[in-house]
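# Structure at a glance
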Amino acid sequence: MDVSEPVVRTTAGLVRGRAEGGVAVFRGIPFAQPPVGDLRFAAPRPARPWDGVREAAMFGPPPPQSGFLLMPMAPVDPAANPDDWLTVNVFSPALGAAGLPVLVWIYGGAYRFGASCLTDYDGTPLARQDVVVVTFNHRVGVEGYAHLPGVPANRALLDQVAALRWVAENIAAFGGDPGRVTVFGESAGAGAIASLLVMPAAAGLFRRAVAQSVPGTFFSPDLAADVTVAIAGAAGLPATAEAFAAADPARLAAASDAVRPADHRDRWGPVGHTGVPFSPVVDGAVLPSAPWQAVAAGAARDVDLLTGHNRDEYRLFTVLAGVRGKIDEPTASAALRGLAGGAAGEAAYREAYPDADAETLFELVNSDWLFRMPTLHLAQAHAAAGGRTFLYQVSYPAPEAGLGACHAIDVPLVFGVYSGIGQMLFGPEPPASAVALGDVMRAQWAAFAAHGDPGWPAYAPGRRLTRIFDDPPDVVAYPQDASLHIWDQHRFGVLGLTGAQA
């Protein structure tokens, strides 16, 4: 075998990758048939076999998605079928019978954009930790989450299950151990992982999970259908599977971008504060329940869980929206009441944070409702059910634009890639302290994948020990004590019309 162009046999046929920096890299391998034509809005079907050796040097095409994506993408194969959205990529430090732990990345992007070809998701640095890294595409936005009559819900989640089945069937040939698969993901990717923890179709496909900044939004079928009606109206179409299947995916993506949840706050409740019209749908079939209740009941007890959030999650969005430094008292009050439970919730925040100005309160309640408290509650539920649980907080502040330890700062640290969002956060030359912290996080993610122990004490009720990723790192009791007590009696569940939650 040519070591510079390694060839591996998959269940569908032979693939030829490339050796890059001591890592064997295979890109653009189909794990499912293109979800177009008769397969549009259907559950994924296994990829068709091919003859000969398929070149796997370049990424496959990204799925149709929102125009809001701003991160750079690596080149995709110009010869690829443009509808071949469902492809997988493998980064392996040792092919054959190495039996290495496997890390499978599920990208974020507000459930509306994302692709494995984003330069931020280069798996090469992480693979050098003696793990096999897998990234893949799944449907997003309308293609993945629009709730339509007569077709499966949560097609994005079904794509992820199909990719994990491909890993189970093929990863041994790439040097991975199919019995030591860890899923890891951030933001919407972490919400997808929380879903996979309780999905019957995903049972047994992974041994461990890393959920970075878990969002708390899970939709009822009624809410998801109402969102689809709004998108259909923006597209000038009826809200039917037949009409959507006949429409250009770009037209539907543009229509979803035109829908502003804030305009529907009277019907969509807290979702109107997010700007995001998609989330996993608790349909009772693909996704039987929101994750917290099922995890607390022991649904994922046998899966080791590492989860955490960043200290200043919502700061990224106030900066990107250009409202940092412009949040006034009425805006803060509306957010506190809309997200924390009316006047009582506002009073609780003002009492817990007496020195906080309007902007700080606005960022705190948005951070808590959307990411920090859902993540904490997932850890608490898993630990209470007897699952092995590890909790962290990233507190290291980005040196650019006053972003602090904002949403997504963990991604360049874990991947060791400082282009794209890494450059936006850390500048053209990341500080040595950031690079060193990233090295620590990468090693601890790999250790967790290998042995189920990242190197700090497990989280347990009563002790609440939490890894703090800062300069230097530390282990302390969970640091957001005030917010913890405000949200202690809240139960994250299913968001319905008019903000009702079950």
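The structure this text deals with has already been given above.
A brief look at the structure comes next. (Residues numbered from 1 in each chain as written. Predicted model: local features only at pLDDT ≥ 70, side-chain atom pairs only at ≥ 80, totals over all residues. Heavy atoms only, no water.)

In this section: the side chain of T375. Take T375: it is sitting in helix α13 (residues 358-384). When its relative accessible area of 0% is taken as the criterion, T375 is described as buried. A distance of 2.9 Å separates the side chain of T375 from the backbone nitrogen of V214, its partner in a polar contact. Side-chain polar atoms of T375 contact the backbone oxygen of F371, separated by 2.7 Å. If we skip the residues at most four places from it in the chain, T375 touches S213, V214, T307, G308 and H309. (Helix = DSSP H or I, 4+ residues; strand = E, 2+ residues; numbered from the N terminus. Buried < 20%, exposed > 50% of the residue type's maximum accessible area, 1.4 Å probe, protein only. Polar contact = N/O pair within 3.5 Å; in protein donor to acceptor, adjacent residues only side chain to side chain. Contact = heavy atoms within 4.5 Å.)

The strand order β3-β4-β6-β8-β7-β9-β10-β11-β12-β13-β14 describes an open sheet built from eleven strands, whose pairing is mixed. This sheet does not close on itself; its edge strands, each paired only once, are β3 (18-20) and β14 (474-477). Mean inter-strand twist for the sheet, computed between neighbouring axes without regard to direction, equals 25°. Judged from the four bridges that link them, strand β6 (residues 87-92) and strand β8 (residues 132-136) form a sheet pairing that is antiparallel. The partner of V90 across the bridge, within β8, is V134. (Pairing = 2+ DSSP bridges. Axes fitted to C-alpha atoms, helices over the stretch in contact; angles between N-to-C directions.)

This brings us to the pattern of salt bridges. According to the stated counting rule, one finds 24 salt bridges in the structure shown. A salt bridge links D368 to R372, with the nearest nitrogen and oxygen atoms 2.7 Å apart. Linking D368 with R372, this pair stays in helix α13, spanning four residues, or about one helical turn. Beyond isolated ion pairs, a larger network of salt bridges with shared partners links E5, R16, R18 and E55. (Salt bridge = Lys/Arg side-chain N within 4 Å of Asp/Glu carboxyl O.)

Packing of helix α3 (residues 155-170) against helix α4 (residues 188-198) brings their axes to within 11 Å, and their N-to-C directions diverge by 70°. By the angle class used here, α3 and α4 are roughly perpendicular. Taken together, the residues of α4 that come into contact with α3 (itself represented by L157, Q160, V161 and L164) are A192, S195 and L196. Looking at the contact of α3 with α4 residue by residue, the class counts come to five nonpolar, two polar and no charged. (Parallel < 35°, antiparallel > 145°, perpendicular 65-115°, else oblique. Nonpolar A, V, L, I, M, F, W, Y, C, P; charged D, E, K, R; others polar.)

Of all six residues making up strand β12 (residues 389-394), six are buried, and the element is well covered by its neighbours. The side-chain alternation of β12 yields two buried faces, one formed by T389, L391 and Q393 and the other by F390, Y392 and V394. Bridge count for strand β11 (residues 304-310) against β12 is six bridges, and the pairing is parallel. Bridge assignment links H309 to a residue of β12, and that residue is Q393. As judged from the three bridges shared by β12 and strand β13 (residues 465-469), these two strands associate in the parallel manner. Bridge pairing links Q393 to I468 in β13.

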